[in-house]
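Here's the letter readout for the chains.
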Amino acid sequence: MSSKFPDYIPPTKIAYISGRPTAIHLRKCKLVIEKDDGKSSEYIFDQNNIAVGAMEDNDLVIDDDTASRYHCRIYQDDDHYLLQDLDSTNGTFVNRVRIKEAFLKPGCTVTVGKTDIRFQSLDERVEVLPSNREAFGSIVGKSVRMREIFGILEKIAPTGVTVVIEGETGTGKEVVARAIHQFSKRNRGPFVVFDCGAVPENLIESELFGHEKGSFTGAIMARQGLFEMAQGGTIFLDELGELNLDLQPKLLRALEQREVRRVGANKPIRIDVRVVAATNRNLEEEVKHGRFREDLFYRLSVVRLVLAPLRDRKEDIPLLVKHFLRKSSFNQESTGRVRVKGISRDALDCMMNYRWPGNVRELVNVVERACSFAETEYIQPEDLPEHISGIGFITTRAVNEQATTEVSANLEASSVSPPTPHGVPLQIDEASGESTAMPLGLAKTFKEAKEEWIGTFERDYVLNLLRRNNSNISHAAKEAEIDRKYFRKLMKKYDVDVAALKEKLG
């Protein structure tokens, strides 16, 4: 680890070599207030924006009658720090020269009212080494990929840097965001979640920034936005890539100016909030295609964490299963006793051989299902879904052989040559839920039968969710914990008509 005060100030970022994290550059600055008695007070900041003034909600409070309430701000711009005067009464000075806005050089003196502040920049380079721990908050993993993430989180969580978490759907981005908040200096403050893809576009601005009474039809009273609700804590912007282009400049202003303006309001409201965002999109590609603002992308991407899919860290599966069985409410009786104690070797092998397209979220659902099916204290292969265990298709083979023998015997008795057998896959009776053998002429290959089974599950799952949520697509997608657009794709794939469903439900 090394510290220095450079003219060039590297931004806070993670350095990668061959796709693996190697070091973290933590950009900080130190402000030293020189007092009349010769003593000094030092303050170190790691955020992008530092408010300076006489009011107590500033980052650096100046006890000076000649300082304005919100006197000036110091903010990061690419590789430099800038000082901006906020229309103060007595002005802001750098090395005794009055400025409106100026670059700050390490060692210079900023004068606010009658108070001198010495500015120093601090570049801290920390090597990224895999952590020795197997959990960080509620995140669990022992693979090198996860322990590298833990090593990064140990360094950045206590700071105030903005973080963007990238990864496929179901990789646990919100769990990581909560862990960052839990290990930060803001952990006593609120953790507020906003799903950019689950709220109608015309309501997003009001949800984030609030509104005043009468600002639009239906605004019968003033309402706080989520940024105000997260004051002193963390706001988690999930599915950031879904945010409308028209709203992105307002989010950028909130990040840069640390203030929001309610819909219909004239005065801004100062905020003290850490922003953590998540997306399953490639934001760099979104910027290239004009769907995401470049300036907002760079302002948000102070630190970017990429979570590996579960198929690339399968050695974490046993630890994850053990964690879910021990901690999840679905495996606890009213007395608090754990009902299912573990998983058999055969069942675990089935899990290890599956690719997990739904990642950790799918694994949780499979473990919950297995706990409800389990008849012993240990999960068995037959407690798992057939597309993971393969048991349903193994049974199909036995049915095929028996059915082929019976059909051949009947045909021989009637002197008719038997057709070439192709297998008799199982069919689920919707009324009874029992498995029956399909007619020989409708036989399918293993792959075809598997795809049909998954298709039946997906269609029934979507329909049941819509019925339970009174045909509300947003609510159904939220309950399923999947993106609303992906939920619509599933509806389109299986010809699910909401209007027809509503009419059927009455």
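Residues numbered from 1 in each chain as written. Predicted model: local features only at pLDDT ≥ 70, side-chain atom pairs only at ≥ 80, totals over all residues. Heavy atoms only, no water.

K.L.:
Which parts of the structure should I look at to understand the overall build of the protein?
P.N.:
When you go through the protein residue by residue, the secondary structure sums to 16 helices and 28 strands. In the protein, which comprises 506 residues, the proportion classed as buried is 47%. Within the protein, counting contacts between residues at least 6 apart in sequence, those at least 24 apart form 58% of the total. Put simply, the protein shows about 26,700 Å² of open surface, and 48% of that area lies on carbon and sulfur atoms. (Helix = DSSP H or I, 4+ residues; strand = E, 2+ residues; numbered from the N terminus. Buried < 20%, exposed > 50% of the residue type's maximum accessible area, 1.4 Å probe, protein only. Contact = heavy atoms within 4.5 Å. Areas by Shrake-Rupley, 256 points an atom, 1.4 Å probe, with all protein chains shown as cover.)

K.L.:
Looking at this model, I keep getting lost on the pairing of strand β3 (residues 20-34). Mind explaining?
P.N.:
For a regular strand, side chains alternate in direction, first toward one face of the sheet and then toward the other. Within β3, 12 of the 15 residues are buried, which leaves the element mostly enclosed by the surrounding structure. Sheet topology note: the β3/strand β13 (residues 115-127) ladder contains 11 bridges and is antiparallel. By the bridge assignment, L26 is partnered in β13 with E124. Taken together, the 6 bridges between β3 and strand β4 (residues 40-45) define a ladder with antiparallel strand orientation. (Pairing = 2+ DSSP bridges.)

K.L.:
Looking at this structure, I do not really get helix α9 (residues 345-352). What am I missing?
P.N.:
The α-helix winds at 3.6 residues per turn, so residues separated by three or four positions along the chain end up facing the same way. Restricting attention to buried positions, one finds in α9 the residues A347, L348, C350 and M351. Angular distribution of buried residues about the axis of α9 spans 155 degrees; they occupy a single face of the element. Set apart from the buried face of α9 by more than 90 degrees, the exposed residues are R345 and D346. Its buried side turned inward, α9 meets α8 (317-327), β25 (342-343), α10 (359-373), β26 (378-379) and α11 (386-389). (Arc of directions from axis to C-beta.)

K.L.:
Help me understand the environment of L83 in this model?
P.N.:
One can find L83 in strand β8 (residues 80-85). Judged by relative accessible area, which is 0%, L83 ranks as buried. Once the C-alpha coordinates of L83 and K100 are considered, the two residues, 17 residues apart in sequence, prove to be 8.1 Å apart. If sequence neighbours within four positions are ignored, L83 has contacts with C72, R73, I74, T92, V94, I99, K100, E101, A102, L104 and V110.

K.L.:
What should I look at first to understand the pattern of salt bridges in this one?
P.N.:
Pairs can form between side chains of opposite charge whenever their charged atoms are close. Scanning all chains against the criterion turns up 30 salt bridges. Between E333 and R337 there is a salt bridge, and its shortest N-O distance comes to 3.1 Å. When its relative accessible area of 41% is taken as the criterion, R337 is described as partly exposed. One salt bridge connects E479 with R468, and the closest N-O pair in it is separated by 2.6 Å. Remark: R468 occurs in helix α13 (residues 446-468) and E479 occurs in helix α14 (residues 473-480); sequence separation between them is 11 residues. One network of salt bridges, in which partners are shared, links D59, R186, R258 and D272. (Salt bridge = Lys/Arg side-chain N within 4 Å of Asp/Glu carboxyl O.)

K.L.:
Would you take a moment to explain the packing of α14 against helix α15 (residues 484-493) for this structure?
P.N.:
The relative placement of two packed helices is expressed as an angle between their axes plus a distance between the axes. The N-to-C vectors of α14 and α15 enclose an angle of 105 degrees; their axes lie 9 Å apart at closest approach. Overall, the two elements α14 and α15 adopt an arrangement that is roughly perpendicular. From α14, I473, S474, A476 and A477 reach across to α15, where they touch R484, F487, R488 and M491. Partitioned by chemical class, the residues of the contact of α14 with α15 number 5 nonpolar, 1 polar and 2 charged. (Axes fitted to C-alpha atoms, helices over the stretch in contact; angles between N-to-C directions. Parallel < 35°, antiparallel > 145°, perpendicular 65-115°, else oblique. Nonpolar A, V, L, I, M, F, W, Y, C, P; charged D, E, K, R; others polar.)

K.L.:
It is not clear to me how the sheet that holds strand β17 (residues 191-195) should be interpreted in this structure. Could you clarify?
P.N.:
The strands that make up a sheet pair up through hydrogen bonds in the backbone, lying either parallel or antiparallel. As summarised here, the arrangement of the 5 strands in space is β17-β20-β23-β16-β24, forming an open sheet in which the pairing is parallel. Both edges of this open sheet fall to β17 and β24 (303-306), since each of them pairs with a single strand only. Each adjacent strand pair in this sheet contributes to an overall mean axis angle of 20 degrees, direction not counted. Both strand β20 (residues 234-238) and strand β23 (residues 274-279) contribute to a ladder of 4 bridges, which runs parallel. The residue of β23 that forms the bridge with L237 is A277.

K.L.:
Teacher, can you tell me more about the packing of aromatic side chains here?
P.N.:
Note on aromatic pairs: each is described by the distance of the centres and the angle between the planes. Throughout the structure, instances matching the rule amount to 8 aromatic pairs. A centroid spacing of 5.7 Å and a plane angle of 25 degrees characterise the contact between F457 and Y461, whose relative ring orientation is stacked. You can see F457 and its partner Y461 sitting in helix α13, 4 residues apart, about one turn around the helix. F457 sits in the partly exposed class, given a relative accessible area of 45%. On the basis of relative accessibility, which here comes to 35%, the residue Y461 falls in the partly exposed class. By the ring-pair criterion, three or more aromatic residues cluster together here, those being F136, F150 and F183. One residue, R73, lies across the ring of Y75, its end atom 3.9 Å from the ring centre. (Phe/Tyr/Trp six-rings, centres within 6.5 Å; stacked < 30°, edge-to-face > 60°. Lys NZ or Arg CZ within 6 Å of the ring centre and 35° of its normal.)

K.L.:
Would you take a moment to explain α15 for this structure?
P.N.:
Regarding α15, the residues found buried are F487, L490 and M491. Taken down its axis, α15 places every buried residue within 100 degrees of arc, on the same side. For α15, the exposed residues lying more than 90 degrees away from the buried face are K489, K492 and K493. D495, located one to two residues past α15, shows a positive phi value of around 55 degrees.

K.L.:
When you look at the side chain of R313 in this model, what are you seeing that I'm missing?
P.N.:
Examined against the element boundaries, R313 turns out to sit in the loop between β24 and α8. For R313, the side chain forms a polar contact with the side chain of D316, separated by 2.8 Å. Discounting chain neighbours no more than four positions away, the residues touching R313 are V140, S143, M146, T171, A308, L320 and V360. (Polar contact = N/O pair within 3.5 Å; in protein donor to acceptor, adjacent residues only side chain to side chain.)

K.L.:
It is not clear to me how the sheet that holds strand β7 (residues 72-77) should be interpreted in this structure. Could you clarify?
P.N.:
Pairing is mixed in the open sheet, where 5 strands are placed in the order β6-β5-β7-β8-β11. Each edge of the sheet is formed by a strand with only one pairing partner; in this case those strands are β6 (60-61) and β11 (101-103).

K.L.:
Where do I start with the packing of α8 against α10 in this structure?
P.N.:
At a minimum axis separation of 10 Å, α8 and α10 run at an interaxial angle of 55 degrees. As far as their axial angle goes, α10 and α8 are oblique. The element α8 and its partner α10 pack so that their crossing is right-handed. Contacts between α8 and α10 involve L320, V321, F324 and L325 on the former and, on the latter, V360, L363, V364, V367 and C371. Looking at the contact of α8 with α10 residue by residue, the classes come out as 9 nonpolar, no polar and no charged. (Left-handed = near helix turned anticlockwise from the far one by under 90°.)

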